[in-house]
Amino acid sequence: MSTSVAIKRRAVTGAVPPAAPLGVVRSVRAGGSREDVYAELCAALFSGFPRRDQRLKAEQYLHGLLTAQGRKSIRNIAAQIGGPAAEQSLHHFVSSSTWDWQPMRAALARFLELNSCPQAWVVRPMPIPKAGEHSVGVDRRFDPERGQVFHGQQAFGVWFAGEELSVPVNWRLFLPDPWVNDRTRRDRAEVPQEAGEETLEECAVAAALDTARWSDVTRKPVLLDIRGGAGRAALTRLSAAGVPVVARINPGSRLAIADRSLPGFGAGPLSALQILDSLKGLRRPVSWVDTVAGARTSRTSLATAVRVALPTPGGERMRPLVLLGEWDDPRRAPARVWVSDLTSSPVGSLVRLTKLSRRVERDFAEVGEEAGLRDFVGRSFRGWHRHITLASAAHAATVLAANDWDAPYGTGYRSGRTAS
């Protein structure tokens, strides 16, 4: 059943009563399926609020995220619904209120499972440049994607991703040492006691594990990049929690061939690049559908997969994995190298799973930025988490509406952000 059919049917039968006052719903898009998406999203996410005024503020904030021009600050959001008085009210709702954002995130995940087809959870880093010193978690850090040092925050999002769309459902904000160990800073930003010291890689893995603890949410393979840290620890933590993983690794990562029929078995740990280079004759063309470039385009990659084991210290039993290599140019080294514990999956299925990270990159650039994922301007830990939760809902409303009714991907709720 398509997303539009499912949403319209529930709207007609009344299975999900509209949560938003008619005027608020109509203000998003009068008469049409986008209104249905907005109303059902509000019903799914905000019904847990015990008070009607909290539900109304949540609906107003989401409405502002979908319609405000430029940066999605509380001031710009309030300008859509009532000016200075609304600004004070919304600021209190986001930064000073007591509501827990985790149930709303879990509700968003369940809503997406009902209304889309997530195939994987993609853990994506999100650097957030900041000019000041007081926003929670700010520090000087290196952004490997841009290859430069920046001043700001670092967060990790867990995106429910399929071929046609992706939505962030959970977030974890990284706290560097100066914040973890500075009581004054922690108190000022209202950082909870349980937020402690961790590496960037531990933060990324924890975001996925937090998501896996939600009830009534189907676990999917976790895609993440562990090229920058201790990959063994990340794989071990996810395996212990029963979470399947597809992890991008450095070509120099040491693995042992586990297939007795292949050359190199018994030779001890070798680099992933050495293993794949010795097995180039086993490469096969793999077809996959590129939905990122606009129109659906069929593409082909050269790839191979081989059973390997992750060497463990102390003579412990080595963990079985599959090593996946993908080539853009058959005369060069593999362009991307992954390991996975989905050892029974065909190589084509694994390659297609890895392509979901491209879906996330496009959706973040074209929708997530517009939805305000990086736009919170307050200082508090709780305010950051509440804002980004509601911005994730705005992202969901945008992609579900655009995907349902064959509108151009950037149209609908998109606000036409200008430089700020």
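Fair warning: this is a prediction, and the values are worked out from it, not measured in the lab. (Residues numbered from 1 in each chain as written. Predicted model: local features only at pLDDT ≥ 70, side-chain atom pairs only at ≥ 80, totals over all residues. Heavy atoms only, no water.)

> Explain the pattern of salt bridges to me, and be specific about the residues and the numbers.
Counting across every chain of the model gives 23 salt bridges. The partner of Arg172 in a salt bridge is Glu198, with the nearest N and O atoms 3.1 Å apart. Of this pair, Arg172 sits in strand β4 (residues 166-173) while Glu198 sits in the loop between α9 (183-189) and α10 (200-212); the two residues are 26 residues apart in sequence, bridging distant segments of the chain. Here Glu198 falls in the buried class, since its relative accessible area comes to 15%. The residue Arg213 makes a salt bridge to Asp210 at a minimum N-O spacing of 2.6 Å. Judged by relative accessible area, Arg213 falls into the exposed class, the value being 60%. Since its relative accessible area comes to 22%, Asp210 is described here as partly exposed. Put simply, Arg172, Glu198, Asp210 and Arg213 are held in one network by salt bridges that share partners. (Salt bridge = Lys/Arg side-chain N within 4 Å of Asp/Glu carboxyl O. Helix = DSSP H or I, 4+ residues; strand = E, 2+ residues; numbered from the N terminus. Buried < 20%, exposed > 50% of the residue type's maximum accessible area, 1.4 Å probe, protein only.)

> Now, about the packing of helix α3 (residues 33-46) against helix α4 (residues 52-67): what can you tell me, with residues and values included?
The N-to-C vectors of α3 and α4 enclose an angle of 135°; their axes lie 11 Å apart at closest approach. As summarised for this structure, α3 and α4 are arranged oblique, according to the angle between their axes. The chirality of how α3 crosses α4 is right-handed. Residues Tyr38, Cys42 and Phe46 of α3 lie in contact with α4, whose contacting residues are Arg55, Ala58, Glu59, Leu62, His63 and Leu66. (Axes fitted to C-alpha atoms, helices over the stretch in contact; angles between N-to-C directions. Parallel < 35°, antiparallel > 145°, perpendicular 65-115°, else oblique. Left-handed = near helix turned anticlockwise from the far one by under 90°. Contact = heavy atoms within 4.5 Å.)

> Break down the layout of surface pockets for me, citing the residues and quoting the values.
Taken as a whole, the largest pocket holds about 890 Å³ of empty space. Along its surface, the largest pocket is lined by 31 residues, and Pro125, Pro144, Glu145, Asp225 and Arg227 are the ones closest to its centre. Put simply, the parts of the chain that give the lining of the largest pocket at least two residues each are β1 (120-129), β2 (139-143), β3 (148-161), α10, β5 (222-225), β12 (336-340) and α14 (356-371). Top contributing element to the lining of the largest pocket by residue count: β1, with 5 residues. In this structure, the second largest pocket occupies an estimated 410 Å³ of space. Forming the walls of the second largest pocket are 19 residues, and the residues nearest its centre are Arg172, Pro192, Glu194, Ala195 and Phe381. Here the lining of the second largest pocket is built from residues that sort into 8 nonpolar, 3 polar and 8 charged. (1 Å grid on protein atoms, 1.4 Å probe; cavity = no way out; pocket = protein on both sides within 12 Å on 5 of 7 lines; lining within 4 Å. Points joined across faces, edges and corners; volume = space filled by probe spheres on them. Nonpolar A, V, L, I, M, F, W, Y, C, P; charged D, E, K, R; others polar.)

> With reference to specific residues and values, describe the nonpolar core.
Phe46, Val136, Leu224, Leu255, Leu323 and Trp384 are the most contacted members of the largest nonpolar core, which has 118 residues in total. Broken down by element, this core gets its largest block of residues, 11 residues, from helix α15 (residues 381-404). Sequence-distant contacts of Leu323, that is, excluding residues within four places in its chain, are made with Ile249, Leu255, Ala272, Ile275, Leu276, Thr304, Ala305, Val306, Val308, Val337, Trp338 and Val339. (Core = buried A, V, L, I, M, F, W, Y, C linked by side-chain atoms within 4.5 Å.)

So far we have only geometry, and geometry alone does not tell us how the molecule works.
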